[in-house]
There are 2 protein chains.
Amino acid sequence: MSRCAIGVDLGGTNLRIAAIDEAGKMLEKFSLPTRTRQGPEMVLREMCQAIRELARKLDGKSSLAGIGIGVPGILYLDKGILRQSPNLPGWENYPVREEIESHLGLRVFLENDANAAALGEKWLGVGRNFQSLCMLTLGTGVGGGLICEGKVWHGFLGMAGELGHIVVAEDGYPCPCGGRGCLETEASATAIVRKAQEVLDAGRSPALAEAQRKCLEITSELVYQVAKHGDTACREIFGSVGRYLGIGIAGLINSLNLPLYVVGGGVAEAWDLFAPALLEHARQRSYIFCEGSTRIERSVLKGDAGLYGAACFGLGGAA
Amino acid sequence: MSRCAIGVDLGGTNLRIAAIDEAGKMLEKFSLPTRTRQGPEMVLREMCQAIRELARKLDGKSSLAGIGIGVPGILYLDKGILRQSPNLPGWENYPVREEIESHLGLRVFLENDANAAALGEKWLGVGRNFQSLCMLTLGTGVGGGLICEGKVWHGFLGMAGELGHIVVAEDGYPCPCGGRGCLETEASATAIVRKAQEVLDAGRSPALAEAQRKCLEITSELVYQVAKHGDTACREIFGSVGRYLGIGIAGLINSLNLPLYVVGGGVAEAWDLFAPALLEHARQRSYIFCEGSTRIERSVLKGDAGLYGAACFGLGGAA
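Conventions adopted
- Residues numbered from 1 in each chain as written.
- Chains lettered and ligands numbered in written order.
- Predicted model: local features only at pLDDT ≥ 70, side-chain atom pairs only at ≥ 80, totals over all residues.
- Heavy atoms only, no water.
- Helix = DSSP H or I, 4+ residues; strand = E, 2+ residues; numbered from the N terminus.
- Rg over C-alpha atoms; globule rule 2.2 N^0.38 Å.
- Buried < 20%, exposed > 50% of the residue type's maximum accessible area, 1.4 Å probe, protein only.
- Contact = heavy atoms within 4.5 Å.
- Areas by Shrake-Rupley, 256 points an atom, 1.4 Å probe, with all protein chains shown as cover.
- Pairing = 2+ DSSP bridges.
- Least-squares fit on C-alpha atoms with pLDDT ≥ 70 in both.
- Salt bridge = Lys/Arg side-chain N within 4 Å of Asp/Glu carboxyl O.
- Axes fitted to C-alpha atoms, helices over the stretch in contact; angles between N-to-C directions.
- Parallel < 35°, antiparallel > 145°, perpendicular 65-115°, else oblique.
- Nonpolar A, V, L, I, M, F, W, Y, C, P; charged D, E, K, R; others polar.
- Core = buried A, V, L, I, M, F, W, Y, C linked by side-chain atoms within 4.5 Å.
- Phe/Tyr/Trp six-rings, centres within 6.5 Å; stacked < 30°, edge-to-face > 60°.
- Lys NZ or Arg CZ within 6 Å of the ring centre and 35° of its normal.
- Domains from an automatic or database assignment.
- Buried area = accessible area lost by both parts, 1.4 Å probe.
- Polar contact = N/O pair within 3.5 Å; in protein donor to acceptor, adjacent residues only side chain to side chain.

**As for the overall build of chain A**
So, step 1. Along the backbone of chain A there are 11 helices and 12 strands.
So, step 2. Expected size for 319 residues packed as a compact globule is a radius of gyration near 20 Å; at 20 Å, chain A falls within 12% of this value.
So, step 3. Dimensions of chain A, computed from C-alpha atoms along their principal axes, come out at roughly 60 × 45 × 35 Å.
So, step 4. Looking at chain A as a whole, 62% of its 319 residues qualify as buried.
So, step 5. The contacts in chain A between residues at least 6 apart in sequence include a share of 62% that link residues at least 24 apart.
So, step 6. If you sum the accessible surface of chain A, you get close to 12400 Å²; carbon and sulfur atoms cover 49% of it.

Okay, structure coming up:
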């Protein structure tokens, strides 16, 4: 009987749960809405119920080695407390791990969601053949994860990898973290929507204005579609995303000299539009990058990277 | 008989050599000028002669465990080749380790000078009680070193820790590395002199102009002295140094979540003038720093940090 783990990606919108075996095969996967308005207790109770159901389904087919849960936000890792989460409002200082373990009667591995994605890419994705890598997840915010010689680099409080809060624009836009000009304020889906609104306000893109009338809401995907059809102002937005990613990644290359930097998250779907500026700025700003063998790549596991990584923790890998 | 090591700090101006025992006691220390104009062969021959003389002096008193040499610049660590060094012009791609070993007939440890300083502070300085730390050395350039769980973090090519080339001012001043707005262009002695020249050109500091007439040359020490006497424009220069250090260190805290960040090098003598802005910006730009227990401190070994660190490598520590 194969060993498997349950991986959970606890997002602000959806809660995704999968059973993955030690060969990396996804045995089961499903998703339910994260009913954040009902508060952490209810969300965690529903999550644990779903985990139990999945565990029952596995019974007799695969032995459950462990459970890993990726959580968006800054964790006190040793205590299993969620210190702060922009995507889970009202969860500040919530003892997430204790609550889950008391429901399940089992030990679980809690991890920052971007760290989980980094581990997923290391295990089964673009980082398969690397011992160390850096992951950036571009979503509502910008998350980050560092894998150093096979292990997640947690730092002394468990808060390392907050790469979305590297300053890339010294006098830039205010960030929810309290700083300004963070990578997150320039390269997240939220940043793209803000930049698109600025374009609309300035009347610089009739195509985007037309698309907005049809779709009502501006999303980063919509801006991408308009840019793909050749709209100059929308293409410039992705050029700017790439520029700031390049500045941030160049600093990481110069600091850490890792062999691989992976860009994932929903915004990575626009890779073709932002990658040229990203690579140009990484080259300009990093002598070490120009030495040649450092790689900057797109995530291959895409939305499932975090699920695979969470399961990898559950299997006892690279914790 | 105690074990000791010889540590060398190969600077662009001076070559400093010391014998340090495993308790951290400095047994001997001396310095000679680095005659860079004579080229690497001659400099290394003189250095090796001095090392041999020192080894002879130790004979019978202490057993020589090894030799560590801190070199300014980017190294291909596994090959012992100096890839690039702004302070040692003409040494590009020079096989430094091979040359030294052929002179001495002994294996030596080559290391970037700021990595050596970081290890020195970890061994005997402000980092004594820490397993991990980040060091910034503010001199002609800005160097950096990362100690992660007791070991120097080298990265995959041995080039990690080039923290002077984190971008802190996106459209800032051009940097010798090819980028612009690097920490080095804002917080090095060279940056202070450039900023002072701008102040003079704008006629903003009669006191600095007067000091320049007396001393002929503007140095960062001179700017510091004028600032200490209350000159507003010169004080603002150190405020700016602190601001950019704060931005850079905040990014490092958010990325790495290390417990300690040490500021050393000659410019750290102006700690009293730049530290307030440094701490203010680190606080503003790093949520994790505000969590409380992260420390930002001044080097305590000062100019000898690199010598102690080089000797520590020679003793087999933390390589």
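**Quick notes on the sheet that holds strand β10 (residues 151-152) of chain B**
Residues and elements named next belong to chain B.
So, step 1. Taken in spatial order, the 5 strands make up an open sheet running β10-β9-β8-β11-β12, and their pairing is mixed. In this open sheet, the two strands that pair with only one neighbour each are β10 and β12 (295-298).
So, step 2. Here 6 bridges tie strand β8 (residues 133-138) to strand β9 (residues 142-148), and the two strands are oriented antiparallel to one another. Each bridged residue has a counterpart across the sheet, and for Leu136 the counterpart in β9 is Gly144.

**Some points on the relation of the copies chain B and chain A**
So, step 1. With an RMSD of 0.0 Å, chain B superimposes on chain A once it is rotated by 180° and translated 0.0 Å along the axis. Here the transformation between the copies is reduced to the relation of a two-fold axis.
So, step 2. Comparing interface residues between copies, 100% of those in chain B also sit at the interface in chain A, which points to an isologous, same-surface contact.

**A few points about the pattern of salt bridges**
So, step 1. Within the structure shown, the criterion is met by 34 salt bridges over all chains.
So, step 2. Between Asp9 of chain B and Arg16 of chain B there is a salt bridge, and its shortest N-O distance comes to 3.5 Å. With respect to class, Asp9 of chain B is no different from Arg16 of chain B; both count as buried.
So, step 3. Salt bridges sharing common partners tie together Asp9, Arg16, Lys29 and Asp304 of chain A.

**Things to note about the packing of helix α3 (residues 113-124) of chain B against helix α11 (residues 305-314) of chain B**
Residue and element names in this part refer to chain B.
So, step 1. Packing of α3 against α11 leaves a shortest axis separation of 6 Å and a crossing angle of 85°. The pairing of α3 with α11 is recorded here as roughly perpendicular in orientation. Only Ala305, Gly306, Tyr308, Gly309, Ala310, Cys312 and Phe313 of α11 make contact with α3, whose side of the interface consists of Asp113, Ala116, Ala117, Leu119, Gly120, Glu121, Trp123 and Leu124.
So, step 2. Grouping the amino acids of the contact of α3 with α11 by side-chain chemistry returns 10 nonpolar, 3 polar and 2 charged.

**Quick look at the nonpolar core**
Across soluble globular proteins, you tend to see nonpolar side chains buried next to one another.
So, step 1. Phe274 of chain A together with Phe274 of chain B are the most contacted members of the largest nonpolar core, which has 123 residues in total.
So, step 2. Beyond its immediate chain neighbours, meaning those up to four positions away, Phe274 of chain A contacts Leu138, Phe238, Val241, Gly242, Leu245, Val263, Val267 and Ala268 of chain A.

**Observations concerning the sheet that holds strand β2 (residues 14-21) of chain A**
All names here are of chain A.
So, step 1. Across the sheet, which stays open at both edges, the 5 strands sit in the order β3-β2-β1-β4-β7 with mixed pairing between neighbours. Because the sheet does not close on itself, it has two edges, and the strands there are β3 (26-33) and β7 (109-112). When the angles between neighbouring strand axes are averaged without regard to direction, this sheet yields 20°.
So, step 2. Of the strand pairs in this sheet, strand β1 (residues 2-10) and strand β4 (residues 62-71) are connected by 8 bridges, and their pairing is parallel. Looking at the pairing, Ile6 lines up with Ile67 of β4.

**Description of the packing of aromatic side chains**
So, step 1. Counted by the stated rule, this structure contains 6 aromatic pairs over all chains.
So, step 2. Ring centres of Trp91 of chain A and Tyr94 of chain A lie 6.0 Å apart, and the angle between their planes is 55°; this geometry places the pair in the tilted category. There is no split in this pair, since Trp91 of chain A and Tyr94 of chain A are both buried.
So, step 3. Over the ring of Tyr244 of chain B we find Arg243 of chain B; its NZ or CZ atom is 5.3 Å from the centre of that ring.

**A few points about the domain arrangement of chain A**
Residue and element names in this part refer to chain A.
So, step 1. Assigned domains within chain A: domain 1 (2-123 + 303-314) and domain 2 (129-300).
So, step 2. Summarising the inter-unit geometry, the C-alpha centres of domain 1 and domain 2 are found 26 Å apart.
So, step 3. In this complex, domain 1 contributes 17 residues to the contact, which on the side of domain 2 involves 22 residues.
So, step 4. Here domain 1 meets domain 2 over a buried area of about 1500 Å², counting both sides, of which 64% is carbon and sulfur.
So, step 5. The largest per-residue losses of area from domain 1 upon contact with domain 2 belong to Asn115, Glu121 and Lys122, which jointly make up 37% of the total buried on that side.
So, step 6. The tally of links from domain 1 across to domain 2 stands at 0 salt bridges.
So, step 7. Secondary-structure elements contributing two or more residues to the side of domain 1 that touches domain 2 are β5 (74-76), β7 and α3 (113-124).
So, step 8. Broken down by element, the residue count for the side of domain 1 that touches domain 2 peaks at 7 residues, all from α3.
So, step 9. Tallied by class, residues from the side of domain 1 that touches domain 2 come to 9 nonpolar, 4 polar and 4 charged.

**Let's talk about the side chain of Asp9 of chain A**
So, step 1. With respect to the helices and strands, Asp9 of chain A occurs in strand β1.
So, step 2. Among residues more than four places away in sequence, those in contact with Asp9 of chain A are Asn14, Leu15, Arg16, Gly70, Asp113, Gly303 and Leu307 of chain A.

**Focus: the pairing of strand β6 (residues 81-84) of chain B**
Two faces belong to every sheet, and in a regular strand the side chains alternate between them.
All names here are of chain B.
So, step 1. Inspection of the sheet shows strand β5 (residues 74-76) paired to β6 by 3 bridges, in the antiparallel sense. What sits directly across from Tyr76, in β6, is Ile81.
So, step 2. The turn joining β5 and β6, which pair antiparallel and follow one another in sequence, is formed by 4 residues; a positive phi near 70° is taken by Gly80.

**A short note on the pairing of β2 of chain A**
All names here are of chain A.
So, step 1. With 7 of 8 residues buried, β2 is to be regarded as a mostly interior element.
So, step 2. Bridge count between β2 and β3: 7 bridges; the pairing is antiparallel. Residue Asn14 lies in a different strand from β3, and its bridge partner there is Pro33.
So, step 3. Between β2 and β3, which pair antiparallel in sequence order, lie 4 residues; one of them, Gly24, sits at a positive phi of approximately 90°.

**Remarks on the interface of chain B and chain A**
So, step 1. With 48 residues of chain B at the interface, the matching set in chain A holds 48 residues.
So, step 2. Both faces considered, chain B and chain A share a buried interface measuring about 3800 Å² in area, 55% of it formed by carbon and sulfur atoms.
So, step 3. Looking only at chain B, the three residues that lose the most surface to chain A are Trp153, Glu170 and Tyr287 of chain B, adding up to 19% of its buried area.
So, step 4. Linking chain B with chain A are 6 salt bridges.
So, step 5. There are 33 residue pairs in polar contact (both at pLDDT 80 or more) connecting chain B and chain A.
So, step 6. Secondary structure elements with two or more residues in the side of chain B that touches chain A: β5, β6, β9, α8 (232-256), α9 (271-285) and α10 (287-290) of chain B.

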